[in-house]
Amino acid sequence: MLELNEQARNTMRIRAELRIIPGATHLFPEPGALDAVAGEAAHWFTAHLTAAMTR
């Protein structure tokens, strides 16, 4: 799954990051994994949408 995600990221025309949640599998059933994903997403949205709104 990681390789597929890296391929998708590499086709994007904008700056994109791929964050790895240590020990998590692709559906995030591990304890705390989904919370970690949500935290990463919240951080991205806060950084990028806040910056866009101040332009």
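Worth saying up front: this structure is predicted, and the values here are computed from it rather than measured.

Parameters and conventions
Residues numbered from 1 in each chain as written. Predicted model: local features only at pLDDT ≥ 70, side-chain atom pairs only at ≥ 80, totals over all residues. Heavy atoms only, no water. Helix = DSSP H or I, 4+ residues; strand = E, 2+ residues; numbered from the N terminus. Buried < 20%, exposed > 50% of the residue type's maximum accessible area, 1.4 Å probe, protein only. Areas by Shrake-Rupley, 256 points an atom, 1.4 Å probe, with all protein chains shown as cover. Lys, Arg positive; Asp, Glu negative; His and termini not counted. Charge placed at Lys NZ, Arg CZ, Asp CG, Glu CD. Patch = residues over 30% accessible without salt bridge, like charges linked within 9 Å, V, L, I, M, F, W, Y side chains within 5 Å. Salt bridge = Lys/Arg side-chain N within 4 Å of Asp/Glu carboxyl O. 1 Å grid on protein atoms, 1.4 Å probe; cavity = no way out; pocket = protein on both sides within 12 Å on 5 of 7 lines; lining within 4 Å. Points joined across faces, edges and corners; volume = space filled by probe spheres on them. Nonpolar A, V, L, I, M, F, W, Y, C, P; charged D, E, K, R; others polar.

Participant: Before we go on, may I ask you to explain the overall build of the chain in this structure?
Facilitator: In terms of helices and strands, the chain carries 2 helices and 0 strands. The principal-axis extent of the C-alpha atoms belonging to the chain is close to 40 × 25 × 15 Å. Considering the chain as a whole, with its 55 residues, one finds that 4% of them fall into the buried category. Within the structure as shown, the chain displays about 4,900 Å² of accessible surface, and the carbon and sulfur contribution to it stands at 62%. Charged side chains in the chain number 5 positive and 6 negative. The centres of these two groups are separated by 15 Å.

Participant: Would you explain a nonpolar patch on the surface in this entry?
Facilitator: Together, Trp 44, Phe 45, Leu 49 and Met 53 make up a nonpolar patch on the protein surface, roughly 480 Å² of accessible area in all. Here Phe 45 shows up in helix H2 (residues 33–53).

Participant: What am I meant to see in unusual backbone geometry here?
Facilitator: It is generally the case that most residues other than glycine have a negative phi and that most peptide bonds are trans. The phi torsion at Phe 28 lies on the positive side, around 55°, for a residue other than glycine. A residue is classified by how much of its surface remains accessible, and Phe 28, at 28% relative accessible area, is partly exposed.

Participant: Explain the layout of surface pockets here, please?
Facilitator: Here the largest pocket defines a volume of roughly 830 Å³. Around the largest pocket, the lining is made up of 25 residues, and of these Glu 17, Leu 18, Arg 19, Ile 20 and Glu 40 lie nearest the centre. Of all the secondary-structure elements, those providing two or more residues to the lining of the largest pocket are helix H1 (2–11) and H2. No other element matches the 7 residues that H2 contributes to the lining of the largest pocket. Each residue belonging to the lining of the largest pocket can be placed in one class, and the counts come to 15 nonpolar, 5 polar and 5 charged.

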